[in-house]
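Listed below, chain by chain, are the residues.
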Amino acid sequence: MYGPFLAKRNKERTESLQQLPQIENTWFAQNVTLLILEEVQLTTLQKMLYQVIQGLLRKKKQRHLQVVHPEQTQTVQENVLTLLAEYDDLLREAIPQPIYILIWQITSLEKLAYTTEVVDDVLDILEWYFVHQDEEVDAFEEEDLDHEEIIDLYKAAIEEQDADAQFELGEYYSTNDGADFQPEKSVKWFEIAVKQDNANAQYALANYYFEGIAVEENYDRAFMLYEAAAKQGHADAANNLADMYFNGESVAENMQLAKQWFEVAAKHGVAEAKFTLGIMYEQGLGVAVDEEQAFIYYKKAAEAGYVEAEYRLGGIYLEGHLGQTRDVNRGLYWFERAAEQYHVDAFYDLGFIWSKGLTGIRNIEKGIHWFKQAALQGDPEAKLQLGHIYNKGEGLARNIKEAKKWYGLAAEAGIEEATLLLEEIDKN
């Protein structure tokens, strides 16, 4: 599936390059079509990189280039590596980091596998060279590159056809950090690793198809990949597979299978799976209602740091639900844990607890602090509560100006009560 798609795209990109006026009367005019031959030679690809580097150096007016390391005394690969080493500082100022890395990776190959995928990388280099070369480049320092690690990873992925290395390359490009984030390349390397049944790649690629990242959203493909990874023991894949059964995505809703896969994920430590099992037991989804089991799973998920479970546990203790004795202090503890992870509803509940003195100690300043945290995250009820505090002047001096400000913000957020209270204040 992906291989033919990539080969077709390579052909289209090559044909587009041929149409560029910049390519006329260059070495590439007669040779770029070699990229779409059924059997592309590694030497051909490295010769193209040699031409790119030479062209860049000529443009930079390197006067002694013609006498440095003549081609007849070295292989094409050795010539490119020599030029990269010789003119490293200059080239790092002229070539964007992702392209520079690709040049090093391809030049370092000793043998060629996954030809279509490597040609895709060469086309990235040529498109930059002919289309984007004159754009401003952010120079990068040598220490920003770990040549050895990146090259070794690429060589292992291509030469040794190492599925783990292929997955790691996909992860490298999925890092959402500036130039390194290239999701299309992540898809490419994940697809290659998936062909070798690499569970991590199956899971990662499933996420891309589920969320439509660099590919068209495809729940069916995501489901198949999650299932394949889950059957190999991938815990997060088991959790996501369970989610798809739970929500009826790509398959009919099936609470029994959802529970089965959530239990697999939970046994392997996936906190979200424990939380969802808590929901299932509390609401009787696919199981008989069991408050004790619901509480056990919520607590396990909260203790594992899952923020929604921390917040839910806070509510259980605050209200005395699921067979638990009401314990405001325990509720406060879990709301604080959730607040540490910026849970907006936890901000609000902490504000409510402190402003109302539910622990036996009223602390208006803490109440205001937490309500403001919630309000800053857009919680309209928190804005209303701040208006009440300043309007009533309970525990602090009445402040009509602040009251009107917060009631105004609450009214803008659609709280009708705030609108009425503003009108009442204005009348007085």
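Whatever comes next refers back to the structure up there.
Now for a look at the structure at hand. (Residues numbered from 1 in each chain as written. Predicted model: local features only at pLDDT ≥ 70, side-chain atom pairs only at ≥ 80, totals over all residues. Heavy atoms only, no water.)

Moving on, we come to the pattern of salt bridges. All told, the structure shown has 25 salt bridges when counted by the stated rule. Taking the shortest distance from any N to any O, the salt bridge between Arg362 and Glu394 comes out at 3.1 Å. On the criterion of sequence distance, the pair formed by Arg362 in the loop between α19 (344-356) and α20 (364-376) and Glu394 in the loop between α21 (380-392) and α22 (400-412) is long-range, its members being 32 residues apart. A relative accessible area of 44% places Arg362 in the partly exposed class. For Glu394, a relative accessible area of 38% translates into the label partly exposed. Glu402 serves as the salt-bridge partner of Lys405, at 3.5 Å between the closest nitrogen and oxygen. Here the residue Lys405 and the residue Glu402 both occupy positions in helix α22, the gap between them amounting to three residues, near one helical turn. We classify Lys405 as partly exposed; its relative accessible area is 40%. (Salt bridge = Lys/Arg side-chain N within 4 Å of Asp/Glu carboxyl O. Helix = DSSP H or I, 4+ residues; strand = E, 2+ residues; numbered from the N terminus. Buried < 20%, exposed > 50% of the residue type's maximum accessible area, 1.4 Å probe, protein only.)

Of the residues making up helix α4 (residues 76-86), those classed as buried are Val76, Gln77, Asn79, Val80, Thr82, Leu83 and Leu84. The elements touched by buried residues of α4 are α3 (42-59), α5 (88-94) and α6 (97-107). (Contact = heavy atoms within 4.5 Å.)

The description of an aromatic ring pair rests on the distance of the ring centres and on the angle between the ring planes. Per the stated rule, a full pass over the model turns up 24 aromatic pairs. Taken together, a centroid distance of 5.7 Å and an interplanar angle of 45 degrees make the contact between Tyr2 and Phe5 tilted. Note that Tyr2 and Phe5 are positioned in helix α1 (residues 2-18) at a spacing of three residues, about one turn of the helix. Look at Phe5 and you get partly exposed, because its relative accessible area is 43%. Ring centres of Phe246 and Phe262 lie 6.1 Å apart, and the angle between their planes is 70 degrees; on these two criteria the pair is classed as edge-to-face. Residue Phe246 is located in helix α13 (residues 235-247), and its partner Phe262 is located in helix α14 (residues 255-267); the two are separated by 16 residues in the primary sequence. Note on accessibility: Phe246 and Phe262 belong to one class, buried. Taken together, Trp27, Phe28, Tyr129 and Phe130 form an aromatic cluster joined through their ring pairs. It is Lys300 that lies over the ring of Tyr297; its NZ or CZ is 5.7 Å from the centre. (Phe/Tyr/Trp six-rings, centres within 6.5 Å; stacked < 30°, edge-to-face > 60°. Lys NZ or Arg CZ within 6 Å of the ring centre and 35° of its normal.)

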